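Take a look at the letters that make up each chain.
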Amino acid sequence: MRLSFLEEKITGLKEAGVYRKLPVLEGPNEAEIILNGQRVINLSSNNYLGFANHPKLKQAAIEAVEKYGVGAGAVRTIVGNMDLHEELEKLLAEFKREEAVMVFQSGFNCNTGTIQAIVEKGDLIVSDELNHASIIDGCRLSRADKTIYKHCDMEDLERVLKENRDKYRNVLIITDGVFSMDGDIAPLPEIVKLAEKYNALTYVDDAHGSGVLGESGRGTVDHFHLHGKVDFTIGTLSKAIGVIGGYVAGSEVMKDWLLHRGRPLLFSTSLPPAAVAPIIVAIKELMRTTEYTERLWDNARYFKARLGELGFDLGKSQTPITPVIIGNEAKTMEFSRKLLEKGVFVSGIVFPTVPKGTGRVRCMVTAGHTKEQLDKAIAVFKEVGHQMGII
Ligand SMILES: *Cc1c(COP(=O)(O)O)cnc(C)c1O
């Protein structure tokens, strides 16, 4: 058997209790869903604001299909750049309070395309140890040297900068804005200060800050009022914005350069019109009202307070991302399975997504949850938590 080496690895996953099958969702991604035929409360989506099945966004998608068809037909640099893409970038730049925005097909693509376009041999990347997988891949694709600093540890970041600054032409500090597995926020004001002191560039992947932090979801940079001080801000359109896509916000010169050297932009077809049109509507909704983000934060505070009172370990989250830390990998997966049996879907997250021994179920509270749904989920957490001796 030519692929028996893979079968052996899969057996290893099964023995470690971390083997899994893909859950199947029937119908839209909402607060309550039909998963594998069972109606459950959904605490696992990144659909923070309930935009994934929003009537206004759906209508915009339908109209875009009627007017533009289903596909963009080419990469943007050839003939796949529609007026819709241009409109979205102008709107996003205004929303983000930055000079310019370049849109990509996903947040993942932004990282793999942008990092390699801006640093090269002779440069140094300085990266937080808990940065997202797509940042790690983006760094691997670049020819720059790379070094890691301890998670959100500003003394360690300064040590790295001090030791290395003179050896390189450009130094690029990269951090998540909000860390997706723990829900903590990067200390951006300190990072920007150190970047200024050591003449380094700054790059913030704000996938989980987009639509969540700042005024009406303008992101982590807005949360700290650092407009114009972060050279590259990555946002996703696939999470809170509810559709698909990613973007880089920053300066005109950044945009100009990515247009010539951003490989996913040059070699992969642009976002379809039915994605772009609803994203435009979503951003306009956020510019019109803060009601979506207010509901999100209200639900998040409520849910976290109740789980905390029950005695669960919620780590150091500062955002609606609510990790419930279990530790052992197999026990984490068992906890997740038992919650699901009782009608609450929270996916277990274990090594290699998070460090060994820090397995957790990660609850994603959204604006779309009702208090009744949250109460029901909390009661199930209490019951299963007692049963398994977690609380
Ligand atoms: C989800 C995520 C991405 C990828 O975004 P997509 O638009 O889903 O490709 C990138 N970076 C971080 C930090 C993320 O959490």
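Along each chain, residues carry numbers from 1 onward, in the same order as the chain's sequence is written. In keeping with the model being predicted, local features are shown solely for residues with a pLDDT of at least 70 and side-chain atom pairs are shown and tallied solely at 80 or more, while totals for entire chains, interfaces and linings include all residues. Computation of side-chain values covers all heavy atoms of the structure but excludes hydrogens and water.

(A) View of the overall build of the protein. Within the protein one finds 14 helices and 14 strands. Computed over C-alpha atoms, the radius of gyration of the protein comes to 21 Å, within 12% of the 21 Å expected from 2.2 N^0.38 for 391 residues, which places it in the range of a compact globule. The principal-axis extent of the C-alpha atoms belonging to the protein is close to 55 × 55 × 55 Å. Residue burial is assigned from relative accessible area. The probe radius is 1.4 Å, only protein chains are included, and a residue is buried under 20% of its type maximum, exposed over 50%, and partly exposed in between. By the burial criterion, 54% of the 391 residues in the protein qualify as buried. Within the protein, residue pairs in contact and separated by at least 24 positions form 70% of the contacts whose partners lie at least 6 positions apart. Numbering of helices and strands runs from the N terminus, with a helix taken as a DSSP run of H or I at least four residues long and a strand as a DSSP run of E at least two residues long. With the radius of gyration taken over C-alpha atoms, the globule rule is written as 2.2 Å times the number of residues to the power 0.38. The contact criterion used is simple: two residues touch if any of their non-hydrogen atoms lie within 4.5 Å.

(B) Representation of the nonpolar core. Core analysis: the biggest nonpolar cluster contains 38 residues, and Tyr-48, Leu-49, Leu-88 and Leu-92 have the highest contact counts within it. When residues of this core are traced back to their parent elements, those giving at least two are helix 2 (55-68), helix 3 (83-96), strand 4 (100-104), strand 10 (246-250), helix 11 (273-288) and helix 12 (291-310). In terms of residue count, the dominant contributor to this core is helix 11 (7 residues). Note that the domain bounds were set by an automatic or database domain assignment. For this core, the two domains that each supply at least three residues are domain 1 (14-43 + 290-388) and domain 2 (55-288). Filtering out sequence-adjacent residues up to four positions away, Leu-88 remains in contact with Val-103, Leu-237, Val-276, Ile-279 and Ile-280. Note on terminology: a nonpolar core comprises buried Ala, Val, Leu, Ile, Met, Phe, Trp, Tyr and Cys residues joined through side-chain atoms within 4.5 Å. Membership of the second largest hydrophobic core comes to 23 residues, among which are Leu-157, Ile-173, Leu-194 and Ala-195.

(C) View of a nonpolar patch on the surface. Where nonpolar side chains cluster on the molecular surface, the patch consists of Met-1, Leu-3, Phe-5 and Leu-6 and spans about 430 Å² of accessible area. Looking at the element boundaries, Met-1 is found in the segment before helix 1 (4-15). Residue Met-1 is classed as exposed on the basis of its relative accessible area of 71%. Surface patches are drawn from residues lacking salt bridges whose relative accessible area is over 30%; two like charges belong together within 9 Å, two nonpolar side chains (Val, Leu, Ile, Met, Phe, Trp, Tyr) within 5 Å. All accessibility values rest on the Shrake-Rupley procedure with a 1.4 Å probe; residue burial counts only the protein chains present in the view. Whenever Lys or Arg places a side-chain nitrogen within 4 Å of a carboxyl oxygen from Asp or Glu, that contact is recorded as a salt bridge.

(D) Up close: the pattern of salt bridges. Tallied over the entire structure, the rule returns 20 salt bridges. Residues Arg-159 and Glu-163 are paired through a salt bridge, measuring 3.3 Å at the closest nitrogen-oxygen approach. Of the two residues, Arg-159 and Glu-163 are both situated in helix 6 (residues 154-164); the distance of 4 residues between them amounts to about one turn of the helix. The class for Glu-163 is partly exposed, based on a relative accessible area of 46%. The salt bridge partner of Arg-288 is Glu-285, with a shortest N-O separation of 3.0 Å. Highlighted residues: Arg-288 and Glu-285, both in helix 11, separated by 3 residues, approximately one helical turn. Here the salt bridges do not stand alone but share partners, grouping Lys-56, Glu-285 and Arg-288 into one network.

(E) Fine view of the state of the cysteines. Only a pair of cysteine sulfur atoms within 2.5 Å counts as a disulfide in this structure description. Applying the stated criterion to the full structure yields 0 disulfides. Not part of a disulfide, Cys-110 finds its nearest cysteine sulfur in Cys-139, a span of 14 Å. A residue is classified by how much of its surface remains accessible, and Cys-139, at 4% relative accessible area, is buried.

(F) Seen up close, the layout of surface pockets. In this analysis, the protein atoms alone were mapped onto a 1 Å grid. Cavities are point sets where a 1.4 Å probe fits without being able to get out; pockets are open sets with protein on both sides within 12 Å along at least five of seven lines; lining residues have an atom within 4 Å of a point. Grid points are joined across faces, edges and corners, and a volume is the space filled by probe spheres set on the points. Of the pockets and cavities examined, the largest pocket occupies roughly 1100 Å³. Lining the largest pocket are 45 residues, with Arg-20, Ser-347, Gly-348, Ile-349 and Thr-353 sitting closest to its centre. The element contributing the most residues to the lining of the largest pocket is helix 13 (residues 329-341), with 4 residues. Residues are grouped as follows: Ala, Val, Leu, Ile, Met, Phe, Trp, Tyr, Cys and Pro are nonpolar; Asp, Glu, Lys and Arg are charged; every other residue, Gly included, is polar. Class assignment of the residues belonging to the lining of the largest pocket gives a composition of 18 nonpolar, 17 polar and 10 charged. Each of domain 1 (14-43 + 290-388) and domain 2 (55-288) accounts for three or more of the residues forming the lining of the largest pocket. Of the pockets and cavities examined, the second largest pocket occupies roughly 510 Å³. Along the wall of the second largest pocket there are 23 residues; nearest its centre are Ala-117, Ile-118, Val-119, Phe-232 and Trp-257. Breaking the lining of the second largest pocket down by element, the ones donating at least two residues are helix 4 (107-118) and helix 9 (252-261). Ranked by residues supplied to the lining of the second largest pocket, first place goes to helix 9 with 4 residues. Residue composition of the lining of the second largest pocket, by class: 11 nonpolar, 6 polar and 6 charged.

(G) Quick peek at the site of the ligand. Proximity is defined per residue: any heavy atom of the residue falling within 4 Å of a molecule or strand makes that residue near it. The environment of the ligand is made up of 15 residues, and the closest members are Gly-107, Asp-205, Thr-236, Ser-238 and Lys-239. The separation between an oxygen atom of the ligand and a polar side-chain atom of Thr-236 is 2.6 Å. Notes on the ligand: free accessible area 380 Å², of which the protein chains cover 87%. Ranked by residue count, the leading element in the shell around the ligand is helix 4, at 3 residues. Any N or O atom pair separated by 3.5 Å or less is treated as a polar contact, with the protein-specific requirement of one donor-capable and one acceptor-capable atom, and with residues adjacent in sequence counted only for side-chain atom pairs.

(H) Representation of the packing of aromatic side chains within the structure. The pairing test for Phe, Tyr and Trp rings, Trp by its six-membered ring, is centres within 6.5 Å, and the orientation test on the planes gives stacked under 30 degrees, edge-to-face over 60, and tilted for anything in between. Tallying each qualifying case throughout the model produces 6 aromatic pairs. Ring geometry for Tyr-203 and Phe-232: centres 6.0 Å apart, planes at 40 degrees, overall tilted. Taken together, the residues Tyr-203 in strand 8 (residues 201-205) and Phe-232 in strand 9 (residues 232-236) connect sequence positions 29 residues apart. Taking the centre distance of 6.2 Å and the plane angle of 40 degrees together, the rings of Phe-312 and Phe-335 count as tilted. Of this pair, Phe-312 sits in the loop between helix 12 and strand 11 (321-327) while Phe-335 sits in helix 13; the two residues are 23 residues apart in sequence, bridging distant segments of the chain. Judged by its relative accessible area of 0%, Phe-335 is buried. Joined through ring pairs, the aromatic side chains of Phe-303, Phe-312, Phe-335 and Phe-381 make up one cluster. Here, a charge over a ring is recorded when the distance from Lys NZ or Arg CZ to the ring centre is within 6 Å and its angle to the ring normal is within 35 degrees. A cation over an aromatic ring shows up here: Arg-306 above the ring of Tyr-302, its NZ or CZ 4.7 Å from the ring centre.

Function cannot be read off these values alone, since they describe shape.
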